[in-house]
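# Reading the structure
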Amino acid sequence: MKKGTLRQILLLTDGCSNYGEDPAATAALAFEQGITVNVIGILDHDENEDSHGLEEVEDIALSGGGVSQLVYSEALSQTVQMVTKQAMNETLQGFVNQELKQILGKDQRLEDLEPEKRGEIIEVVEELGETTDLEVLILLDTSASMHHKLQMVKEALIDLSISLNARAGKNRFTIYSFPGKRKNIQKVLDWTPKLDSISSVFPKITSGGITPTGPALREAIYQFGKKGLLRSIRHGDEPGLEETGY
Amino acid sequence: MAMNRAWKKQVTSIPSGTQIQGKFKGNSYLIKRKIGEGAIGTVYLCQFGKQTAALKISEKQTSMTLEVNVLKALKQVRGNLLGPALLDVDDWLAPNRQTYTFYVMEYVHGESMQQFFRKNGASWLGLLMVQLLEDLEKLHKAGWVFGDLKTDNLLISQAPPKIRWIDVGGVTQIGRAIKEYTEFYDRGYWGLGSRRAEPSYDLFSVAIIFLEIFYPQRFARPETKRANLLFKKIDKVKALQPYAPVLKKAITGKYTTSAEMQRELKQIIFSRKNQSRSKTGKIGLSEAMWIFLFSILSILTSLCF
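Residues numbered from 1 in each chain as written. Chains lettered and ligands numbered in written order. Predicted model: local features only at pLDDT ≥ 70, side-chain atom pairs only at ≥ 80, totals over all residues. Heavy atoms only, no water.

## Description of unusual backbone geometry
Geometrically, the link from Phe-178 of chain A to Pro-179 of chain A is a cis peptide bond, its omega value of -5 degrees lying close to zero. Summarising the element assignment, Pro-179 of chain A is placed in the loop between strand S5 (171–178) and strand S6 (186–192). In this structure, Arg-97 of chain B takes a positive phi of about 70 degrees despite not being glycine. Along the chain, Arg-97 of chain B turns up in the loop between strand S5 (86–93) and strand S6 (99–106). Even without being glycine, Arg-218 of chain B reaches a positive phi, approximately 60 degrees. For Arg-218 of chain B, the position within the fold is in the loop between helix H5 (199–212) and helix H6 (226–235). We classify Arg-218 of chain B as partly exposed; its relative accessible area is 33%. (Helix = DSSP H or I, 4+ residues; strand = E, 2+ residues; numbered from the N terminus. Buried < 20%, exposed > 50% of the residue type's maximum accessible area, 1.4 Å probe, protein only.)

## Some words on empty space enclosed by the protein
Residue and element names in this part refer to chain B. Applying the stated criterion across every chain yields a total of two cavities of 30 Å³ or more. Its volume calculated, the largest cavity comes out at about 50 Å³. Looking at the largest cavity, it is lined by 10 residues, and the ones nearest its centre are Leu-71, Lys-75, Leu-81, Gly-83 and Pro-84. Here the lining of the largest cavity takes three residues from helix H2 (residues 61–75), the largest share from any one element. (1 Å grid on protein atoms, 1.4 Å probe; cavity = no way out; pocket = protein on both sides within 12 Å on 5 of 7 lines; lining within 4 Å. Points joined across faces, edges and corners; volume = space filled by probe spheres on them.)

## A closer look at helix H1 (residues 23–32) of chain A
Residues and elements named next belong to chain A. Along H1, the positions that sit buried rather than exposed are Pro-23, Ala-24, Thr-26, Ala-27 and Ala-30. Projected down its long axis, H1 carries its buried residues within an arc of 160 degrees, all on one side. The opening residue of H1 is Asp-22, an N-cap whose side-chain oxygen sits 3.0 Å from the backbone nitrogen of Ala-24. (Arc of directions from axis to C-beta. Polar contact = N/O pair within 3.5 Å; in protein donor to acceptor, adjacent residues only side chain to side chain.)

## Considerations on the confidence of the model for chain B
All names here are of chain B. Confidence in the prediction of chain B, expressed as mean pLDDT, is 87, and 88% of residues score 70 or more. The low-confidence segment residues 1–8, where pLDDT is below 50, has 19 contacts with residues more than four positions distant or belonging to other chains. For residues 277–282, every residue scores under 50 in pLDDT, and the model assigns this stretch two contacts once sequence neighbours within four places are set aside. (pLDDT = per-residue confidence, 0-100. Contact = heavy atoms within 4.5 Å.)

## Notes on the pairing of strand S2 (residues 35–43) of chain A
Residues and elements named next belong to chain A. Burial analysis of S2 places nine of its nine residues in the buried class, which makes it a mostly covered element. Neither face of S2 is exposed, since Ile-35, Val-37, Val-39, Gly-41 and Leu-43 on one face and Thr-36, Asn-38, Ile-40 and Ile-42 on the opposite face are all buried. Two elements, strand S1 (residues 5–13) and S2, share seven bridges in a ladder whose sense is parallel. Pairing of Leu-11 across the sheet is with Val-39, part of S2. With H1 bridging S1 and the parallel S2, this β-α-β connection has right-handed handedness. In terms of strand pairing, S2 meets strand S3 (residues 65–72) through six bridges, oriented parallel. Note that in S3 the partner of Ile-40 across the bridge is Gln-69. (Pairing = 2+ DSSP bridges. Right-handed = clockwise from strand over helix to strand, strands pointing away.)

## Details of the nonpolar core
Met-113, Phe-117, Leu-136, Trp-165 and Phe-210 of chain B are the most contacted members of the largest nonpolar core, which has 68 residues in total. With nine residues, helix H4 (residues 125–141) of chain B is the largest single contributor of residues to this core. Composition of this core by domain shows at least three residues from each of domain 1 (2–106) and domain 2 (113–304) of chain B. Among the nonpolar cores identified, the runner-up in size contains 41 residues, and Val-67, Leu-76, Leu-100 and Leu-195 of chain A belong to it. (Core = buried A, V, L, I, M, F, W, Y, C linked by side-chain atoms within 4.5 Å. Domains from an automatic or database assignment.)

## What about the interface of chain B and chain A?
Listed by partner, the interface residues are 31 residues for chain B and 38 residues for chain A. Contact between chain B and chain A buries roughly 2,900 Å² in total, counting both sides, with carbon and sulfur atoms accounting for 45%. Seen at the junction of chain B and chain A, the total is five salt bridges. Joining chain B to chain A, the criterion identifies 14 residue pairs in polar contact (both at pLDDT 80 or more). In terms of residue count, the dominant contributor to the side of chain B that touches chain A is H2 of chain B (six residues). Classifying every residue of the side of chain B that touches chain A gives nine nonpolar, nine polar and 13 charged. (Buried area = accessible area lost by both parts, 1.4 Å probe. Salt bridge = Lys/Arg side-chain N within 4 Å of Asp/Glu carboxyl O. Nonpolar A, V, L, I, M, F, W, Y, C, P; charged D, E, K, R; others polar.)

## Regarding the sheet that holds S6 of chain A
Residues and elements named next belong to chain A. With mixed pairing, six strands are arranged side by side in an open sheet as S3-S2-S1-S4-S5-S6. Single-partner strands in this sheet number two, and they are S3 and S6. Averaged over neighbouring strand pairs, the angle between their axes works out to 15 degrees when direction is ignored. Summarising the sheet, strand S4 (residues 133–141) and S5 pair through eight bridges and their orientation is parallel. Its bridge partner being in S5, Val-136 is matched across the sheet by Phe-173. Of the strands in this sheet, S1, S2, S4 and S5 are in contact with helix H5 (residues 150–164), which crosses S5 at around 165 degrees. (Axes fitted to C-alpha atoms, helices over the stretch in contact; angles between N-to-C directions.)

## Some words on helix H7 (residues 244–251) of chain B
Residues and elements named next belong to chain B. Ala-244, Val-246, Leu-247, Ala-250 and Ile-251 are the residues of H7 that are buried. What you see down the axis of H7 is that its buried residues fit within an arc of 165 degrees, all on one side. Immediately beyond the C-terminal end of H7, within one or two residues, lies Gly-253, with a positive phi of roughly 75 degrees.

## Focus on the side chain of Thr-62 of chain B
Turning to its location among the elements, Thr-62 of chain B is positioned in helix H2. Discounting residues that sit within four places of it in the chain, Thr-62 of chain B has contacts with Gln-93 and Ile-122 of chain A.

## Examining the pattern of salt bridges
Residues and elements named next belong to chain B. One pass over the structure, following the stated rule, counts 23 salt bridges over all chains. A salt bridge links Glu-198 to Arg-187, with the nearest nitrogen and oxygen atoms 2.7 Å apart. With Glu-198 in the loop between strand S10 (172–173) and H5 and Arg-187 in the loop between S10 and H5, the pair connects residues that are 11 residues apart, well separated along the chain. Looking at Glu-198, the relative accessible area reads 31%, which means it is partly exposed. Of the residues examined, Arg-187 reaches a relative accessible area of 5% and is grouped as buried. The residue Glu-212 makes a salt bridge to Arg-218 at a minimum N-O spacing of 3.0 Å.

## Observations concerning the environment of Gln-114 of chain B
Residues and elements named next belong to chain B. Secondary-structure assignment places Gln-114 in helix H3 (residues 113–120). With 37 residues separating them along the chain, Gln-114 and Thr-151 place their C-alpha atoms 8.4 Å apart. Look past the residues within four positions of Gln-114 in its chain and what remains in contact with it is Glu-212, Ile-213 and Pro-216.

## Focus on the sheet that holds strand S3 (residues 42–48) of chain B
Spatial ordering of the open sheet is given by S1-S2-S3-S4-S6-S5 (chain B), a layout of six strands whose pairing is antiparallel. Edge positions in the sheet fall to strand S1 (19–21) and S5 of chain B, since each of these pairs with one other strand and no more. Direction aside, the axes of adjacent strands within the sheet are offset by 40 degrees on average. Strand direction decides the pairing type here: strand S2 (residues 28–37) of chain B and S3 of chain B, joined by six bridges, are antiparallel. Its bridge partner being in S3 of chain B, Gly-36 of chain B is matched across the sheet by Val-43 of chain B. Along the sheet, helix H4 (residues 115–131) of chain A contacts S5 and S6 of chain B; its crossing angle with S5 of chain B, the most-contacted strand, is approximately 95 degrees. Relative to S6 of chain B, H2 of chain B is tilted by about 25 degrees, and along the sheet it contacts strand S4 (51–58), S5 and S6 of chain B.

Right, here's the structure in full:
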């Protein structure tokens, strides 16, 4: 199997969108393009996990082929890296499963193998997760209600970069916030291998009542596309894991 | 994952008396009570035939399979029981028609670090540190790092006191990214190193474990001068004073192997015992004796294999 680059959008938000297209539909579009959409819903202390309005979080991740998790801001660091890694492993396992089907027959899934025999296959997934390259576009909701959560978000993102950079594979991160000034999204940090420099550039809260999650996701997909294009012109390398099925 | 919430509730509260039967091998286990819960799964005390064992169950098939891989690999570390012994691995088709993965392992009897030191006093500190480092050295030599090394993952079994590892879910191949960690024991969290699996990663956690015995409420991480805070916390504990230089070197990543840290620790223990014997006598002597016995024992076991 050819080693490629995994692409993820990590959406951090605390509420439901109220402007523009349905974000779940846009997430499905991203998934079509080989980009996984993960969503972390940050809870307020007076909310619980069944809180109304946060269902959207699950829907977006479901149609974006990714992982979703609701969390209070204190536990954000561990959640962010768990969600990212889990989504990576699930994507990779998807590829491996496809290869397996070709070897074992159409109806064979990993679950049908005896647990003792799963070990080696899971080990292959683990190895891929360690060595594959990863690009994460972080899409951060900076609407007013996120105000007291941004400090925790910043720490969680620095922590994510520490975790992912302990892998052998290469990482690239970029951060966009939404809503932007007169635009759907605003670039906060250009593609970079490490996030420890974000303290100085971290976004301020945008005032105004709209949360255009759908349009912001669409812009995010476009940013990936643009970068892929630029890169293939510059280095002539192929973007992503296309040949393994997406 | 939010989707899994309803199932999770069921697997974290299996009523006692439930029979868990393996889908592939058919072995059956009677659930007695819950004994632990972690990020990956829930651990129950169970019975099969006349034997008592620990059963870990989870809907996270991948993570469970990785843990089983680790337990199997540890079995092969030369003649030593580093983790609990692995007895069985299978799937369980629950009444809610969900399939869960479980594995059965040896049930380790013992007390927590906190309980042990409350009862037996700080004179055992040196011995248990030496023991832990001894086991870690074996693990590191076999190409693994413990990863999620913390008080909760250790038990002290009795007669003679021996540190046992009860959860090896974080064990990671050297050179890879640490698989699982707990912030308070993680050097990355403290800004004192990377999360790459190397022996010094575990040695940092060792220092924190022995510090935590005296700070059961733990303490917050400051924005800056984090190593300084840890140093101050060590300096404030009288019982840790003899070991302070070693703990500080572990915190700043000065040791590249567990053996190196153990060697310096032993030097301190033996020189201190010689002084204290003339003054106070009993306690120091018995501790030195245990360490002596323990050293002989570990030499003997390594000769056997």
